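Coordinate inspection notes
Residues per chain, in single letters:
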Amino acid sequence: MTVILDVAEGVGTLRLDRPPMNALDVATQDRLRELAEEATRRDDVRAVVIYGGERVFAAGADIKEMQNMDHTAMVLRSRGLQDAFTAVARIPKPVVAAITGYALGGGCELALCADYRIAADNAKLGQPEILLGLIPGAGGTQRLPRLVGPSKAKDLIFTGRMVKADEALAIGLVDRVVPAAEVYEQAHTWAARLAQGPAVALRAAKEAVDVGLETDIDTGLAVERNWFAGLFATEDRERGMRSFVEEGPGKAKFL
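Described below are features of the structure shown in this document.

Conventions and cut-offs
- Residues numbered from 1 in each chain as written.
- Predicted model: local features only at pLDDT ≥ 70, side-chain atom pairs only at ≥ 80, totals over all residues.
- Heavy atoms only, no water.
- Buried < 20%, exposed > 50% of the residue type's maximum accessible area, 1.4 Å probe, protein only.
- Helix = DSSP H or I, 4+ residues; strand = E, 2+ residues; numbered from the N terminus.
- Pairing = 2+ DSSP bridges.
- Phe/Tyr/Trp six-rings, centres within 6.5 Å; stacked < 30°, edge-to-face > 60°.
- Axes fitted to C-alpha atoms, helices over the stretch in contact; angles between N-to-C directions.
- Contact = heavy atoms within 4.5 Å.

Within strand E6 (residues 116-120), four of the five residues are buried, which leaves the element mostly enclosed by the surrounding structure. By the bridge criterion, four bridges tie strand E4 (residues 95-99) to E6 in an arrangement that is parallel. Its bridge partner being in E6, Ile99 is matched across the sheet by Ala119. Sheet analysis places E6 next to strand E9 (residues 176-178), joined by three bridges and oriented parallel. If you follow Ala120 over to E9, its bridge partner there is Val178.

Let us now look at the packing of aromatic side chains. Applying the stated criterion to the full structure yields three aromatic pairs. Here Tyr116 and Trp190 contribute two aromatic rings whose centre-to-centre distance is 5.1 Å and whose plane-to-plane angle is 5°, an arrangement assigned as stacked. With a gap of 74 residues between them, Tyr116 in strand E6 and Trp190 in helix H8 (residues 183-195) connect regions that are remote in the sequence. Considering the side-chain rings of Phe228 and Phe232, the 5.6 Å spacing of their centres and the 75° angle between planes classify their relative orientation as edge-to-face. A relative accessible area of 56% places Phe228 in the exposed class.

Let us look at the sheet that holds strand E3 (residues 47-51). Here we have six strands laid out as an open sheet, ordered E1-E2-E3-E4-E6-E9, and mixed in their pairing. Edge positions in the open sheet fall to strand E1 (3-8) and E9, since each of these has one partner strand only. Across the sheet, the mean angle from the axis of one strand to that of its neighbour is 20°, orientation sign disregarded. Across the sheet, helix H1 (residues 26-41) is in contact with E1, strand E2 (11-16) and E3; its angle to E1 comes to roughly 20°.

Within the secondary structure, Lys206 sits in helix H9 (residues 199-213). Lys206 sits in the buried class, given a relative accessible area of 10%. Once you skip the residues sitting within four places of it in the chain, Lys206 turns out to touch Ala89, Ile91, Pro92, Lys93, Val95 and Asp115.

The next thing to look at is the sheet that holds strand E8 (residues 162-164). What links the strands of a sheet is backbone hydrogen bonding, and the strands pair in either a parallel or an antiparallel sense. Read from one edge to the other, the open sheet built from three strands follows the order E5-E7-E8, with strand pairing classed as mixed. Here the strands that pair on one side only, and so sit at the sheet edges, are strand E5 (102-104) and E8. Strand-to-strand twist across the sheet, computed as the mean angle between neighbouring axes with direction ignored, equals 20°. Two strands pair when backbone bridges link them, and E5 and strand E7 (residues 124-126) are joined in this way by three bridges, in the parallel orientation. Across the sheet, Ala103 pairs through a bridge with Leu125, a residue of E7.

Attention now goes to unusual backbone geometry. The peptide bond linking Pro19 to Pro20 adopts the cis configuration, its omega dihedral lying at 0°. Here Pro20 lies in the loop between E2 and H1. We note that Glu9 has phi near 55°; this positive angle belongs to a residue other than glycine. Assignment of secondary structure puts Glu9 in the loop between E1 and E2. If you check the backbone angles, Asn22 has positive phi at about 55° while not being a glycine. Positionally, Asn22 belongs in the loop between E2 and H1.

Below is the structure:
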């Protein structure tokens, strides 16, 4: 299998496993979509880590495979490519990318699908498709500017240059930089903490933010309002408020 889903203590790790560089060929894309949808369905998965291993996150698409595709073949395939990444982005649970080594092209686009990104101090990220006479095709032209702003995104997309971890942190492409040996541990810790939280409220928070970013503020506020009121019907809300009143803030147990 080119992608593996391991689940332990509420955290599902989506592990890319296609040595040596985790090139994202068609089979890997399809397997990624299948497992993202499985992680969405499974009640024992309450948070997700996306990980490529100790040496590399993902160096991008399989160029040798794409070289053999003509226009008609890519018209038929491009939706499947985007659907695989969208399935990750739409996991209704907290998702963190643990980035080691290269995260280029499709690898960078996969990291963009996470809610939070922790990178190794030796990581390199970028969208080098322009150097092939192409543009990003798995969400890079859309998710990258929403994350770092249009001018920084255009710089990366137009030039195809790679950025090191420190610059990626400075422009907001990643959220934390840690020693390479600690990337997965810190990502898992982030996910495990949230896996102990109120699952429905976390889902509501993620949807409200994501939908709000795609629409006008009045529509976004309506989504927030509906979720906020709806959460008053959940056991987690009752448990959280009761714990606050009886024990003080931050002590509620939601599992």
